[in-house]
Amino acid sequence: MKTLESYVLGSWTAGTTAGATLVNPATEEPLATASTAGIDMAAVVHHAREVGGPPLRALGFRERARRLKALSKAIHEHREELLDISTANAGTTRGDAKFDVDGCTGTLAAYAHWGESLEEGDVLADGPGEQLGRTSRFWGQHLLVPKEGVAVHINAFNFPAWNMGEKMACALLAGMPVIEKPGTPTAMLAWRIAQIVVASELFPEGSFQVLAGSAGDLLDHMGAQDCLAFTGSSKTGAKLRGHPNLVRNNVHVNIEADSLNAAVLGADVAVDAETFGLFLENVARDMTQKTGQKCTAVRRIFVPADRVTEVRDELVARLGRIQVGDPASRETNMGPLASEQQLHDVRAGIERFTRDAAVATGGNAPVHDKGYYVAPTLMVANDAEADCFHEFEVFGPCATILPYSGEAAEAVRLVNLGGGGLVASLYSNDRDWTNAVFRGIAPWHGRVWVASDRVAEQTLPPGTVLPASIHGGPGRAGGGAELGGLRGLEPYLQRVALQGFQGWIEKSFPSGA
Ligand code: NAP
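This text gives an overview of the structure that appears in the document. Computed from a predicted model, the values in this text were never measured in an experiment.

## Brief notes about the sheet that holds strand β15 (residues 298-304)
- A sheet is described by the order of its strands in space; here 7 strands give the open sequence β16-β17-β18-β15-β14-β19-β20, paired in mixed fashion. The strands lining the two open edges of the sheet, one partner per strand, are β16 (357-361) and β20 (445-451). Neighbour to neighbour, the strand axes of the sheet diverge by 20 degrees on average, direction disregarded.

## Here we look at the packing of aromatic side chains
- Throughout the structure, instances matching the rule amount to 10 aromatic pairs.
- Note on Tyr7 and Trp12: the rings are 5.1 Å apart at their centroids and 55 degrees apart in plane angle, and the pair reads as tilted.
- Under the relative-accessibility criterion, Trp12 is labelled partly exposed at 27%.
- Where Phe157 meets Phe395, the ring centres are 5.9 Å apart and the plane angle is 85 degrees; that geometry is what we call edge-to-face. Of this pair, Phe157 sits in the loop between β9 (151-154) and α4 (160-174) while Phe395 is found in the loop between α11 (387-391) and β18 (398-404), placing the two residues 238 residues apart along the sequence. Per residue, the accessibility class of Phe157 equals that of Phe395, and both read buried.
- Aromatic rings pair up to connect Phe276, Phe279, Tyr427 and Trp449 into one cluster.

## Looking at the environment of Phe276
- Mapped onto the elements of the fold, Phe276 is located in helix α8 (residues 274-288).
- Under the relative-accessibility criterion, Phe276 is labelled buried at 2%.
- Sequence separation between Phe276 and Leu265 is 11 residues; the distance between their C-alpha atoms is 8.1 Å.
- Discounting chain neighbours no more than four positions away, the residues touching Phe276 are Leu265, Val269, Ala270, Val271, Arg307, Glu310 and Val311.

The rules behind each value
Residues numbered from 1 in each chain as written. Predicted model: local features only at pLDDT ≥ 70, side-chain atom pairs only at ≥ 80, totals over all residues. Heavy atoms only, no water. Pairing = 2+ DSSP bridges. Helix = DSSP H or I, 4+ residues; strand = E, 2+ residues; numbered from the N terminus. Axes fitted to C-alpha atoms, helices over the stretch in contact; angles between N-to-C directions. Phe/Tyr/Trp six-rings, centres within 6.5 Å; stacked < 30°, edge-to-face > 60°. Buried < 20%, exposed > 50% of the residue type's maximum accessible area, 1.4 Å probe, protein only. Contact = heavy atoms within 4.5 Å.

What follows is the structure in structure tokens.
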């Protein structure tokens, strides 16, 4: 069995206790242990700030971008090995493993690309300058400078590679050293990527550290120049947001939490429309890709009441073709859930929902003797307004059809019962309906994805998080925002309004003038 060590204070360090055991979720075989016991978190934070920060900032934006590009390549060279680790420790099929691993290298490469177009040096102009005084001699210019603390990244178990890659791409490009803490149950993949990062020596010592296992008292040592970016459940997110030390020091906290993502079928979409086929394809994909363990997966499927039987039967037929089994087999379309805890939670969620919904396919019957398997489970709500559908995330291959009238106003009201989401997808060729629903749900969402026959053959699925568009959402989704091109650097940069003599400002920061 492997011992996953943390890379801290310049060396790989094992915990002083055995810690958590990581298993293969398809076989339940133990694979590794991970523990951070005995690690001095105060020293880890200090190492990042004092040893990593200054040389990282001295590189400047463009050089950091060049190094991100090289890092993306270095990780990509190990792609096959990384895909196998993902399958072994997270139960992902090859396709699901690619989604995570290529998402990591692709996002690093995207930020390298955007970073190469930034100014040399370590100060970015933010918009044009403004005359402040009677004449233009007294001038104002907004600037962005890297914060002088550390970026702590606490990630969820479901995307060990992408989650680490997308966060560190932004922080390292901005010039902040990082401490990465992957979700423990699937940490093997992030740990192996961390080995590649360290061995590459692309970033100065201290600018990259990784914790394999619990965060311990790490957050107690964060200060006013530091930044916490968290991805995980809304329950943990709420706990961290209220962490006394983070509150006391006004540490910047970005929370990416869970979301009861909606897909809404417009009443106008005919059965033979391309948009209808895309709707079925996307819903079935979202339910089964990564065994439904995707923060952006559709959980609530809004269907006009008179189309429910047709949609249910089509989805049941599609889900019936999904082979659930050994994720290492090329015939398999869907592997197990990632951990025993996940299996327990998903089963409890299905049990809860069946009080208010009928199971159309799937349910809690065992799928295999060993492993954390659950069947793709489609339910049809008895009442679309029942609280459970708008309150509980069942983080597995499960979704519920919620009948509605087809009216835009009702769609808006029901979708917004989710309390704030990462993404909502709309399927319609009716512009007025689409405009009305978009306008009604926009304040409650980080992203709205719209399909019509005009774009049906060109869309990327709504569950895919692209580095060019922001990821995050208000309310229960955490209130955070990541990515979105260079907007993703903002948590790691301080915006400062510089006011003074125009000639000096424009000479010192010429591109801002
Ligand atoms: P989780 O239980 O909330 O854990 C998330 C991370 O927080 C893990 O690394 C966990 O460490 C750590 N953690 C837990 N308690 C902590 C504490 N008191 N102090 C510091 N760190 C702590 O979530 P999960 O089960 O890993 O992930 C699934 C959830 O994440 C789902 O609800 C999903 O919707 C959400 N998610 C959201 C997004 C998004 O971008 N919005 C993306 C992916 C997943 P340990 O593993 O060591 O306990």
